[in-house]
Amino acid sequence: MSSSNYTALDYFELDELLSEEHKIIRSSIREWVNKSVKPIIEDYAQRAKFPLHLFKEMGELGAFGPYLPEQYGCAGLDQMAYGLIMQELERGDSGIRSAASVQSSLVMYPIYTFGSEEQRQHYLPRLAKGELIGCFGLTEPNHGSNPGGMETRLRDAGDHVILNGAKMWITNSAIADIAVVWAKDEQGIIRGLIVEKGMKGFTAPETHGKWSLRASITGELVFDEVKVPKANLLPNIKGLKGPMMCLNSARYGIAWGAVGAALDCYDAALRYSLERKQFNKPLAAFQLQQKKLAEAATEITKAQLMAWRLGMLRNDDKATPGQISMAKRNNVAMALNVAHETRQILGAMGITGDFPMMRHMMNLESVITYEGTHDIHLLITGNDLTGISAFV
Amino acid sequence: MKILVLIGNVPDTTTKIKFNADNTAIDASGVQWIINPWDELALTRAIELKEAHGAAIEKIVVANVGRSETEATLRKALAVGADEAIRIDADPLDALYVATQLAAVAADYDLILAGIENADYNGTAVGGMLAELLNRKSVSAVSGIDLEGDLLKISREIDGGAQQLSMSLPLLAVVQKGIAKEPRIPAMRGIMMARKKPLNVIAAADAEALTAFEYFELPPAKAACKMVEEDQAASLIRILHEEAKVL
């Protein structure tokens, strides 16, 4: 039974582009967000706590690695399904979507794509159920937009490697059971490896004092002479291509997720503007408010189309990094702008936690920076368009 | 034991209902369709029984009378945990028509569960009519049902208390709130597995509807709310007396 007044904008009848199965997937996650996320998320965000119990619930729901095969405990769905799941989760909160993005695209995806069969069987079913929490270590204190410059190193020590270095801005770090970490070997080649909580010399301190993604855990990963068995190296990838493929998957999900955050803001603002009266008429009757609503609806509709088309391309394995960057960049900026404009419709009420705009707006400041900054994505698309890399 | 759960395809309960041009049916455009909430509870209870009693329950089948656009609702029922679905390809014209269609497929089931009412046109008669057509005993307003050996332990809400019954199969139970815990949200694996579960489409039996809707009307729009300041009690009484005419 539906327990929410939420109405998703579908101005161009994009639902006709989805299969019945996609709609069931979307309504499942939407229902779960209404029941389990919406009633509590504001309180967790205010207290800067991650609602850890939701992790297990997302696992039971099948929100982790939904596009990976059934034999590893996943649902074997397509990329459109993954996108819709991300959209609905982020309607709840970017922090919840971030937890699911990381688990799916940055932990399960590389273990499935680059891992050995033993690694897949050992980790994926428990990650899918949410029994294990994963995180992804690429960004470093001195290397954000330039991950290829990473300083984290591993050296050969017989049946294991020794890992030294530090990673920063890591979602789920302090609660993660495993970390997929990227480090350079003695030849300077980037390798991926699975580091487990409890390995001697591995710590994961939490980053406090954030004004963004407050209902999500962010922290560091610190490796001080950590002995990692060689069996934990991801055997089937070498070089920066590995983490970049992970990021492509995650960025694709963010392109959808941002639409969810924008839809939530738009819906709240539309309903408020029809109920709240000033000068004896609803706010929605004023031209300046209609402008805000019409512009938000226009931008959301464009973003929906972009996300949908990118999903089709992903399904055909044709989406380029440049296209993914374009969609992630456009849709996150769109959502941030929609959050900002719709908050103004609510006047002073818009700054309170009774409405979702400020929380989404603050969250989206992270989303517009992580997984490739707003600026860097232009250079990825620019490289694609011109054939010239502007990074070096 | 085989369980049949009757599934109504109804507009989401938050839908703003509009009618067609001559006000004889709900305007389906833009409507999100869901499993009738009482039927969803019946299905949830069937799944709970299967989980609790394992092999004693051979399968759970869901059935509805509707056109192909209602299949999404049946797929959701399969995703939640039903084993098979039956769609009888006809418009659900009225209660007797629907019950007659269902009677053609329902005889083999030991336990039939029907929701106490339908959230669309507020119909309540299909369950009872189906029991009559099958010449099978039925019990209404069931708020608890469990299996004990070959018997069903049933509780009903009655005026001022509860009634406990022990019933043998076959049986049709018309169920209401309280029958199950919260409806379940289909998990992604369930949705994927539902693809492979049978959804059998059956041609409609020869039957006639005995009733037809003449027209519907929406409730009158709420009148504007008049606010009276807290220290103006005399004014409030005057308004209630002279304008609202309730005093």
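Residues numbered from 1 in each chain as written. Chains lettered and ligands numbered in written order. Predicted model: local features only at pLDDT ≥ 70, side-chain atom pairs only at ≥ 80, totals over all residues. Heavy atoms only, no water.

## Notes on the sheet that holds strand E10 (residues 171-175) of chain B
Residue and element names in this part refer to chain B. Across the sheet, nine strands lie side by side as E9-E8-E7-E10-E6-E1-E4-E5-E11; this open sheet has mixed pairing. Two strands lie at the open edges of the sheet, namely strand E9 (161-168) and strand E11 (199-203), each paired on one side alone. Within the sheet, the average angular offset between the axes of one strand and its neighbour, ignoring direction, is 30 degrees. Pairing geometry for strand E1 (residues 2-6) and strand E6 (residues 111-115), over three bridges, is parallel. If you follow Leu4 over to E6, its bridge partner there is Ile112. In this fold helix H2 (residues 71-80) packs onto strand E4 (59-66), strand E5 (84-89) and E11, with an angle of close to 165 degrees to the strand it touches most, E5. (Pairing = 2+ DSSP bridges. Helix = DSSP H or I, 4+ residues; strand = E, 2+ residues; numbered from the N terminus. Axes fitted to C-alpha atoms, helices over the stretch in contact; angles between N-to-C directions. Contact = heavy atoms within 4.5 Å.)

## Notes on H2(B)
Extensive coverage of H2(B) is indicated by the burial of eight of its ten residues. Directly beyond the C-terminal end of H2(B), a positive phi value near 150 degrees is found at B:Gly81. (Buried < 20%, exposed > 50% of the residue type's maximum accessible area, 1.4 Å probe, protein only.)

## Topic: the state of the cysteines
All names here are of chain A. Per the stated rule, a full pass over the model turns up zero disulfides over all chains. No disulfide involves Cys74; its sulfur sits 15 Å from the nearest other cysteine sulfur, which is in Cys246. Given the relative accessible area of 1%, Cys74 is considered buried. With no disulfide partner, Cys246 has as its closest neighbouring cysteine sulfur the one in Cys135, 13 Å distant. Its relative accessible area of 0% is what places Cys246 among the buried residues. (Disulfide = S-S within 2.5 Å.)

## So, the confidence of the model for chain B
Mean pLDDT over chain B stands at 93; residues scoring 70 or higher make up 100%. Here the predicted complex scores 0.92 on pTM and 0.91 on ipTM. (pLDDT = per-residue confidence, 0-100.)

## Considering the packing of aromatic side chains
The final tally for this structure, using the stated rule, is 16 aromatic pairs over all chains. Judged by centre distance (4.9 Å) and plane angle (85 degrees), the ring pair of A:Tyr67 and A:Tyr82 falls under edge-to-face. Taken as a pair, A:Tyr67 in the loop between helix H2 (53-61) and helix H3 (79-92) and A:Tyr82 in helix H3 lie far apart in primary sequence, 15 residues in all. An angle of 55 degrees between the planes, with centres 4.8 Å apart, marks the rings of B:Phe213 and B:Phe216 as tilted. You can call B:Phe216 buried: its relative accessible area is 18%. Through successive ring pairs, a cluster of aromatic residues spans A:Tyr109, A:Phe114, A:Phe136 and A:Trp182. Its guanidinium or amino end placed over the ring of A:Tyr6, A:Arg91 lies 3.9 Å from that ring's centre, counting from NZ or CZ. Lying over the aromatic face of A:Phe286, A:Lys281 brings its terminal NZ or CZ to 4.7 Å of the ring centre. (Phe/Tyr/Trp six-rings, centres within 6.5 Å; stacked < 30°, edge-to-face > 60°. Lys NZ or Arg CZ within 6 Å of the ring centre and 35° of its normal.)

## Considerations on the pattern of salt bridges
The final tally for this structure, using the stated rule, is 32 salt bridges over all chains. With its nearest N and O atoms 3.7 Å apart, the salt bridge here joins A:Glu31 to B:Lys76. Taken together, the positions of A:Glu31 in helix H1 (residues 20-47) and B:Lys76 in helix H2 put the pair across two chains. Neither residue differs from the other here; A:Glu31 and B:Lys76 are each classed as buried. Here the salt bridges share partners, and the residues they tie into one network are B:Arg67, B:Glu71, B:Arg87, B:Asp89 and B:Asp91. (Salt bridge = Lys/Arg side-chain N within 4 Å of Asp/Glu carboxyl O.)

## Some words on the pairing of E10(B)
Residue and element names in this part refer to chain B. Judged by how many residues are buried, E10 sits mostly within the fold: five of five residues are covered. Because side chains alternate across E10, one face comprises the buried residues Leu171, Ala173 and Val175, and the other comprises Leu172 and Val174, equally buried. The pairing of E6 with E10 spans five bridges and is parallel. Each residue of the ladder has a partner; that of Leu111, found in E10, is Leu171. Direction of pairing for strand E7 (residues 138-148) relative to E10: parallel, over a ladder of three bridges. Note that in E10 the partner of Val139 across the bridge is Ala173.

## Quick word on the nonpolar core
Ranked by internal contacts, the top residues of the largest apolar core, which has 131 residues, are A:Leu89, A:Leu163, A:Trp182, A:Val195, B:Val5, B:Leu113 and B:Ile145. No other element matches helix H4 (residues 94-114) of chain A, which puts ten residues into this core. Once residues lying within four places of it in the same chain are set aside, the contact partners of B:Leu113 are B:Ile3, B:Leu4, B:Val5, B:Leu6, B:Ala42, B:Ala46, B:Ile145, B:Ala173 and B:Val175. With 35 residues, the next largest nonpolar core counts A:Tyr266, A:Leu283, A:Val338 and A:Val367 among its residues. (Core = buried A, V, L, I, M, F, W, Y, C linked by side-chain atoms within 4.5 Å.)

## Some points on the interface of chain B and chain A
Across the contact, 21 residues belong to chain B and 24 residues belong to chain A. Both sides together, the interface formed by chain B and chain A hides about 2000 Å², and carbon and sulfur atoms give 61% of it. At the surface where chain B touches chain A, the tally comes to three salt bridges. At the surface where chain B touches chain A, the tally comes to five residue pairs in polar contact (both at pLDDT 80 or more). For the side of chain B that touches chain A, the element with the most residues is helix H5 (residues 188-194) of chain B, which contributes four residues. Considered class by class, the residues forming the side of chain B that touches chain A number ten nonpolar, three polar and eight charged. (Buried area = accessible area lost by both parts, 1.4 Å probe. Polar contact = N/O pair within 3.5 Å; in protein donor to acceptor, adjacent residues only side chain to side chain. Nonpolar A, V, L, I, M, F, W, Y, C, P; charged D, E, K, R; others polar.)

## Considering the side chain of B:Arg136
All names here are of chain B. Residue position: Arg136 is located in the loop between helix H4 (126-134) and E7. One polar contact links the side chain of Arg136 to the main-chain carbonyl oxygen of Tyr109, over a distance of 2.7 Å. At a separation of 3.3 Å, a polar atom in the side chain of Arg136 contacts the main-chain carbonyl oxygen of Asp110.

## A look at the environment of B:Ala114
All names here are of chain B. Within the element layout of this structure, Ala114 appears in strand E6. Ala114 sits in the buried class, given a relative accessible area of 3%. Remark: the alpha-carbon pair of Ala114 and Ala173, spanning 59 residues in sequence, is separated by 6.3 Å. Not counting the four nearest positions on each side in its chain, Ala114 is found in contact with Leu6, Asp39, Gly127, Ala173, Val174 and Val175.

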